[in-house]
Amino acid sequence: GFMPREVVVPQPIEKYTTKRVLTMELLPGPKLIDGVRAYFRVWAKNNGTTLEKLEQEARDRIEKEGIPAKYDGASAAQIESYRRYLKVK
């Protein structure tokens, strides 16, 4: 099954990239969305629901509450530096 650590990010192709167009290499394998959906399908089953119900709940929440605001918390890099700092102490 899909695990987030298995994600590979394609590299940009500078020759075909401009200020307005980003061109990336094509990688073999499943699309990220397909892997994410397979992962959450298993998660949903293990938690007594279905992927379709989770997706519908998310759509309903967005219709009712709107798109969530931008995340203003610490970045992954900041969290990692805090984690390292706390390990040192």
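Refer to the structure above for everything that follows.
Okay, so let's go over this structure. The numbering scheme is per chain: residues are counted from 1 as the chain's sequence reads. Two thresholds apply to this predicted model, a pLDDT of at least 70 for residue-level local features and 80 or more for giving and counting side-chain atom pairs, whereas whole-chain, interface and lining totals are computed over all residues. Only hydrogens and water are set aside when side-chain values are computed; all heavy atoms of the structure are taken into account.

### A word on the pattern of salt bridges
Part 1 of the argument: For salt bridges, the criterion is a side-chain nitrogen of Lys or Arg within 4 Å of an Asp or Glu carboxyl oxygen. Under the definition given, this model contains four salt bridges.
Part 2 of the argument: With a shortest N-O distance of 2.8 Å, Arg37 and Glu55 are connected by a salt bridge. Of this pair, Arg37 sits in helix 1 (residues 32-46) while Glu55 sits in helix 2 (residues 51-65), and the two are 18 residues apart along the sequence.
Part 3 of the argument: Arg37 sits in the partly exposed class, given a relative accessible area of 31%.
Part 4 of the argument: We note a salt bridge from Arg83 to Glu80, for which the minimum N-O separation is 2.6 Å. Linking Arg83 with Glu80, this pair stays in helix 3 (residues 76-88), spanning three residues, or about one helical turn.
Part 5 of the argument: The rule is simple: take the accessible area with a 1.4 Å probe, protein chains only, and divide by the maximum for that residue type; under 20% is buried, over 50% is exposed, in between is partly exposed. Judged by relative accessible area, Arg83 falls into the partly exposed class, the value being 40%.
Part 6 of the argument: The class of Glu80 is partly exposed, set by a relative accessible area of 27%.
Part 7 of the argument: Connected via shared salt-bridge partners are Glu80, Arg83 and Arg84. We count a stretch as a helix when DSSP gives it H or I for four or more residues in a row; a strand needs E for two or more, and each element gets its number in order from the N terminus.

### What about helix 2?
Part 1 of the argument: Any helix carries an expected span of 1.5 Å times its number of residues minus one. Relative to the 21 Å expected for 15 residues at 1.5 Å per residue, helix 2 spans 21 Å between its end C-alpha atoms, a close match to the ideal helical length.
Part 2 of the argument: Looking one or two residues beyond helix 2, the residue adopting positive phi is Gly66, at roughly 85 degrees.

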